[in-house]
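Each chain, written out:
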Amino acid sequence: MFGEHGIMSEVAPRGTSHSIELVLNGAQIRADVPADLLLIQLLRDHVGLTGTKNGCGVGVCGSCSVLVDGRLVSACLVPAVQLNGRNVMTIEGAIRVHPAAETVVAAFAASGGVQCGFCSPGQVMAALDFLDRYSTPDRATVLGEFDANLCRCTGYYSIIESVLEAAGRLADAP
Amino acid sequence: MTYHEAESLDHAHHLVTSRGARVVAGGIEFALDVARLRHAPLVGVSRLEEIRGVADDPRTGEIRIGAATTLGEMVDSNILRRSLPILVEAARQVGNRRIRNQATIGGNLCSRLRGTYDVAPALLAVDAVVEVHPGKRIPVGDFIDGTDPNGDGVVAWISVPAPLAGTVSGYEKIKPDAAAPGVASVGMTMAVESSGVIGAARVVIAGVAAMPVRVRTAETALVGSEIESIPGRYLGEIIRSAAGDLDMAGRYRLEVAVAAAERLASRLRSVHGTGPAS
């Protein structure tokens, strides 16, 4: 995916290209990107990481939620050229290295927080961010603070249950 | 299109004046409007440490917010929570957590819809000044009304006079759901003397007109009143009577602003009763 030396060369230049280096899911990569390339395009079209979904394209739905330097953002709103020196984590990387990811995914499966699955990578990324801030949230906190990822299937109740279930499982973990 | 990461404010300013570069901070407006903005060179300022963070400057009596400070950092700022809760509450109303992690206060003030999103009305209610590098200080009302954000300077800091002891402030927005932009909102700050009498007040409503507006008649009516005795309804009546001709949508938005003002006045009364918010 990154070429044999970790150098990504698939990005075709559009206008002036800019060389950026970033850590993506734990691996150092280099890419030549035009200034108008967005992070979601870099991830999906050039690196082939399609877990990050392209939903609304305007930062509302949350299906492209990723972590940049540990902060939750919408990949559809981040110019790739601004990522030089940054650390990006997508759902693919989170599943491999984030200590809570496996538990969160299992809790979503157990509590019916997944139906069609399109929003699920974003929901999981947002849940990891949320549970990092609130280790023992009550329902009111989930309702008040876990409010920015849209789901068109579940009606949200099972997602709220999933987040509470994940919090419970993480609290019980040794 | 070329993108330059600014090395300093002076460097950014140089690229603006010599190359006609557009300043990019968090990058959200650029991402949303690539087609319109792709032709000019860009200069990114979001990583300039010299314009990041919130500082309390006792020498000047000002609280200064770096233009590249994110709205999320404002929400988490202890200085703002303690002294200017109105700015924390307003920043929290913008977009969602992901947006707030990326959006900057300077970018918000320079965006195409800069008057309408919650930062500008709240800054108007605290008498903020926009410091444009090099060397200009522009009252925020003038800035959002007239200044070309892509003029010949770079927005560097937003300065707010440190509130007097006993000041309460807040921001209230009414919106149909979490993802909606909101119908109308109110920002209010009141300097309350130890006797409980309001010594100074600023009231701003947003969402009713194209730009946020100060309601000076409401401010005048508040000054000299006891904070414990302001009926919310009274404030609402004043705001209603201060409005000029409005179309049907405007009248609806005005009523929503009145409801927000009554809610906020009641909340600030109880904040005053319990001491400053922690």
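Residues numbered from 1 in each chain as written. Chains lettered and ligands numbered in written order. Predicted model: local features only at pLDDT ≥ 70, side-chain atom pairs only at ≥ 80, totals over all residues.

Draft legend 1. Geometry of unusual backbone geometry. For the peptide bond that leads from His133(B) to Pro134(B), omega is 5°, which places it in the cis range. With respect to the helices and strands, the residue Pro134(B) is situated in the loop between β6 (129-133) and β7 (136-139). Although it is not a glycine, Tyr156(A) sits at a positive phi angle of roughly 80°. With respect to the helices and strands, Tyr156(A) occurs in the loop between α5 (139-145) and α6 (157-172). For Asp127(B), which is not glycine, the phi torsion reads 60° and is therefore positive. You can see Asp127(B) is positioned in the loop between α9 (119-125) and β6. Since 17 C-beta atoms lie within 10 Å of it, Asp127(B) is described here as partly exposed. (Helix = DSSP H or I, 4+ residues; strand = E, 2+ residues; numbered from the N terminus. Buried ≥ 20, exposed ≤ 12 C-beta atoms within 10 Å, placed from the backbone.)

Draft legend 2. The nonpolar core, seen in detail. With 142 residues, the main nonpolar core has Val104(A), Val43(B), Val45(B), Leu87(B), Val119(B), Ile205(B) and Ala257(B) as its most contacted residues. Excluding its chain neighbours within four sequence positions, the residues that come into contact with Ala257(B) are Ala184(B), Val186(B), Ile205(B), Gly207(B), Val208(B) and Ile239(B). (Core = buried A, V, L, I, M, F, W, Y, C linked by C-beta atoms within 7 Å. Contact = placed C-beta atoms within 7 Å.)

Draft legend 3. Structural view of the interface of chain B and chain A. With 23 residues of chain B in contact, the opposing surface of chain A contributes 24 residues. Listing elements by their share of the side of chain B that touches chain A, those giving two or more residues are β1 (3-5), α2 (28-32), β3 (42-44) and α7 (97-102) of chain B. At five residues, the largest contribution of residues to the side of chain B that touches chain A is made by α7(B). Of the residues in the side of chain B that touches chain A, the class split is 11 nonpolar, eight polar and four charged. (Nonpolar A, V, L, I, M, F, W, Y, C, P; charged D, E, K, R; others polar.)

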